[in-house]
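# Descriptive structure summary
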Amino acid sequence: MISKEEITRIANLAMVELTETEKSEYSVQISSLLDYFRQMQELDLAGVEPTNHALVADNVLRKDEAAASPGQSAVIAGAPDTDGKSYCVPAIIETEE
Amino acid sequence: MSEKFLKYSSVKEMPLHYKPAHEIRRMIDSGEISPPEISAHIIGRAKKNAGLNAFLALIEPEGTGGNSDGGAAAGESKKFWAGVPVALKDNIAVKGVKTTAGSKILENHIPIYDATVVKKLREAGALIVGKTNMDEFAMGSSTENSAFGPSKNPWDITRVPGGSSGGSAVAVASGTAYMALGSDTGGSIRQPAALCGVCGMKPTYGSVSRYGLIAFASSLDQIGPFTRDALDMAAALDAICGHDPKDSTSSDRPAASLFEAVKNGSGVKGLKIGIVEEHFGEGVDSGVCERVRAAAAEFEKMGATIVSVKLPHAKYAIPVYYLIATAEASSNLARFDGVKYGFRAPEFKNLKEMYMKTRDQGFGAEVKRRIILGTYALSSGYYDAYYKTAQKARTRIKEDYQAAFGQADLILSPVTPATAFKFGEKTADPLAMYMSDIFTISANLASIPAISIPCGLSGGMPVGLQLSANYFQEKLLLQAAHEFQKHTDHHLYFAAVE
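Every value quoted in this text rests on a predicted model; they were computed, and no experiment measured them.

## Concerning the side chain of His490 of chain B
For His490 of chain B, the location among the structural elements is in the loop between helix H15 (474-487) and strand E13 (493-495). Beyond its immediate chain neighbours, meaning those up to four positions away, His490 of chain B contacts Arg291, Pro454, Cys455, Gly456 and Phe484 of chain B.

As structure tokens, then:
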């Protein structure tokens, strides 16, 4: 069983705020999913390579050449808060209270 | 009970909106109809059937979508898709057109570039008529997770169209687009295609560029088409496949020219088609089993041989898929933080609260549930037990397919365990919803191509037949599907949409 406290800890890692109702719901639902998922443990996977890439795992390289880009104002145009040149966010370094 | 469906004996007999695209091509080329007449008819129908909620946005030809004129000007009309109305799932970026991925967090998102598939469709002259509804971030099997309300199944509006590319399936099934693109991470094209009675295909991983597709699970996501028949499917793949330097997982194999190869295919004589006995077992609706077994018998009659194959690790596909897909999703969706695009929560005290409230208010319940599950599977202490175990089991699933394709050229199975379910039937139980993907997710885990084509009705609702093939065997797959459609009429049934 994944406790509500554990769900809260994970939600914090994932940066998602959850209501108390959601925490209770997810605790029950995710526990039952993980119970079902544990059937994988009956597999003997010793020495099996994990699939890290879907089909090919080659590095893709290209020449280091400049190419056209959309430009600063176009890129930030869709942001919720800008000063016309940069994204605006709340202060990152907070002053001590 | 009155018949809920329409049945035609030939493409000639069909109304304009239900004809396959290859017939529309012929009609344009012979001057029987002009592209503006077709687009007016299709957009008119889309507006009239707005209640199906297939589209999140319609793009009028003269609108802001930057559509070409369909490339249909004199002398340029020989391209297959020139002037033909098509639709795109709303997780595919179109420059200057709102692209929401069915999420509140992107409700006002306007991309500044075209996805590679959009660029290719424009080059092919296709007329993009709209963006289609979907489960939020492609997470779901019913479109009930769309932030903008579910789409309705045109065969029975009390039932789901399937998902996550439900809107694209509804558009093709209701005669409001001749072809629509979707994305398939665990069955999100094939499952709604089956439930809505149209063709839907997930190509080999890497054959279609994912540049401009809003990512869900990058090692599984693949763009693919919905069409009326296998010939249109070949033409759609011809338009969208090909190497793209902007997608590092894009295959550099030269894309085959499928349309002519499929049209002139030499039948299925001598073809070995594999069947997995467990696919017809417990939990699979008897009507579905019956239709799919009848399709296998039809292939035998056409000269193919049915052989029994085994996929011993298929029963682990749901856990493997839901651990890998949610882990990748938790990482991909980290970019939605209220800074770079989309929605930001209106009230917060500091940066962390801004992130947390934005993601709480911007994401729906299923997306949050999957982010939590994926973050858990990747978190310290659980990584080996869940994520890494799933990656190893994925290797086993791939090996199973390689062994099976040593014995059979294609594998035939149901697409879904049952026909379309009612709204609300599975929303309270995530596992029940996830189980509707049981026959489709293995193809994503193994990166192989698979198609869903109509194979009859059960209880008045469409049943899908799935054919899968080894990597890059799209030609073989489509030739078999086309041959089946030459011998049967299941693809000539349509929902009775006014």
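## Remarks on the pattern of salt bridges
One pass over the structure, following the stated rule, counts 29 salt bridges over all chains. Glu20 of chain A is the salt-bridge partner of Lys4 of chain A, the closest N and O atoms lying 3.0 Å from each other. You can see Lys4 of chain A sitting in helix H1 (residues 4-13) and its partner Glu20 of chain A sitting in helix H2 (residues 20-37), a full 16 residues away along the chain. Overall, the relative accessible area of 30% leaves Lys4 of chain A in the partly exposed class. Given a relative accessible area of 46%, Glu20 of chain A falls into the partly exposed group. Lys340 of chain B is the salt-bridge partner of Asp337 of chain B, the closest N and O atoms lying 3.4 Å from each other. Judged by relative accessible area, Asp337 of chain B falls into the buried class, the value being 13%.

## Let's talk about the interface of chain A and chain B
Every contact between the two is made by 51 residues of chain A and, on the other side, 59 residues of chain B. Across the chain A to chain B interface the summed buried area is about 5100 Å²; carbon plus sulfur atoms make up 68%. Per-residue buried area on chain A facing chain B is highest for Met15, Glu17 and Met40 of chain A; these three make up 13% of the total on that side. At the junction of chain A with chain B, the criterion picks out 20 residue pairs in polar contact (both at pLDDT 80 or more).

## Points about the nonpolar core
Residues and elements named next belong to chain B. Phe137 and Val320 are the most contacted members of the largest nonpolar core, which has 105 residues in total. Examining the composition of this core, we find that 10 residues originate from one element, helix H9 (residues 317-332), more than from any other. Setting aside its immediate chain neighbours within four residues, Phe137 contacts Ala101, Ser103, Ile105, Leu106, Ile214, Phe216, Leu333, Phe336, Phe363 and Val367. Counting 74 residues, the second-largest nonpolar core is a separate cluster that includes Leu16, Ile42, Met201 and Ile223.

## A closer look at the side chain of Ser251 of chain B
Assignment of secondary structure puts Ser251 of chain B in the loop between helix H6 (230-240) and helix H7 (258-263). Here Ser251 of chain B falls in the buried class, since its relative accessible area comes to 14%.

## What about the packing of aromatic side chains?
Residues and elements named next belong to chain B. Counted under the stated rule, the structure contains 18 aromatic pairs over all chains. Seen from their ring centres, Phe80 and Trp81 are 4.8 Å apart, and the 65° between their planes marks the pair as edge-to-face. The class for Phe80 is buried, based on a relative accessible area of 17%. A ring pair is formed by Phe299 and Phe484, whose centres lie 5.2 Å apart and whose planes are at 20°; its orientation type is stacked. Here Phe484 lies in helix H15 and Phe299 lies in helix H8 (residues 286-301), a separation of 185 residues in the sequence. Look at Phe484 and you get buried, because its relative accessible area is 1%. Stacked on the ring of Phe421, the Lys or Arg Lys426 has its end atom at 4.4 Å from the ring centre.

## Digging into the confidence of the model for chain B
Residues and elements named next belong to chain B. Overall, the prediction assigns chain B a mean pLDDT of 94, with 96% of residues at 70 or greater. Here residues 63-77 scores under 50 on pLDDT; set against residues more than four positions off or in separate chains, the count is 28 contacts. Both scores are available for the predicted complex, with the pTM at 0.96 and the ipTM at 0.94.

## Looking at the pairing of strand E5 (residues 179-184) of chain B
Residue and element names in this part refer to chain B. The element E5 is extensively covered by neighbouring structure, given that six of its six residues are classed as buried. Burial of E5 is two-sided: the residues Met179, Leu181 and Ser183 facing one way and the residues Ala180, Gly182 and Asp184 facing the other way are all buried. Of the pairings in the sheet, the one linking E5 to strand E7 (residues 222-227) comprises five bridges and is antiparallel in character. In the strand pairing of E7, Leu181 is matched with Pro225.

Quick notes on the rules
- Starting from 1, residues in each chain are numbered consecutively following that chain's sequence as written.
- All chains are assigned letters beginning at A, and all ligands numbers beginning at 1, according to the order in which they are written.
- Local features in this predicted model are restricted to residues whose pLDDT is 70 or higher, and side-chain atom pairs enter the listing and the counts only when it is 80 or higher, whereas totals over whole chains, interfaces and linings include all residues.
- Derived side-chain values reflect all non-hydrogen atoms in the structure, with water molecules and hydrogen atoms excluded from consideration.
- Strands here mean DSSP runs of E at least two residues long; helices mean DSSP runs of H or I at least four residues long; both are numbered from the N terminus.
- Two residues form a contact once any of their heavy atoms are found within 4.5 Å.
- For salt bridges, the criterion is a side-chain nitrogen of Lys or Arg within 4 Å of an Asp or Glu carboxyl oxygen.
- Only protein chains enter the accessibility calculation, which uses a 1.4 Å probe; a residue is then buried when its area is under 20% of its type maximum, exposed when over 50%, and partly exposed in between.
- Note: buried area is the sum, over both parts, of the accessible area (probe 1.4 Å) each one loses when the two are combined.
- Polar contact is defined as a pair of N or O atoms within 3.5 Å, subject to the rule that within protein one atom must be able to donate a hydrogen and the other to accept it, and that residues adjacent in sequence are counted only when both atoms are side-chain atoms.
- Buried Ala, Val, Leu, Ile, Met, Phe, Trp, Tyr and Cys residues form a nonpolar core when they are joined through side-chain atoms within 4.5 Å.
- Two aromatic rings, drawn from Phe, Tyr or Trp (for Trp, its six-membered ring), form a pair once their centres lie within 6.5 Å of each other, and the interplanar angle then sorts them: stacked below 30 degrees, edge-to-face above 60, tilted otherwise.
- Ring-over charges, as used throughout, are those where CZ of Arg or NZ of Lys falls within 6 Å of the ring centre and within 35 degrees of the ring normal.
- Values of pLDDT, which run from 0 to 100, indicate the predictor's confidence residue by residue.
- At least two bridges found by DSSP between two strands are what make those strands a pair.

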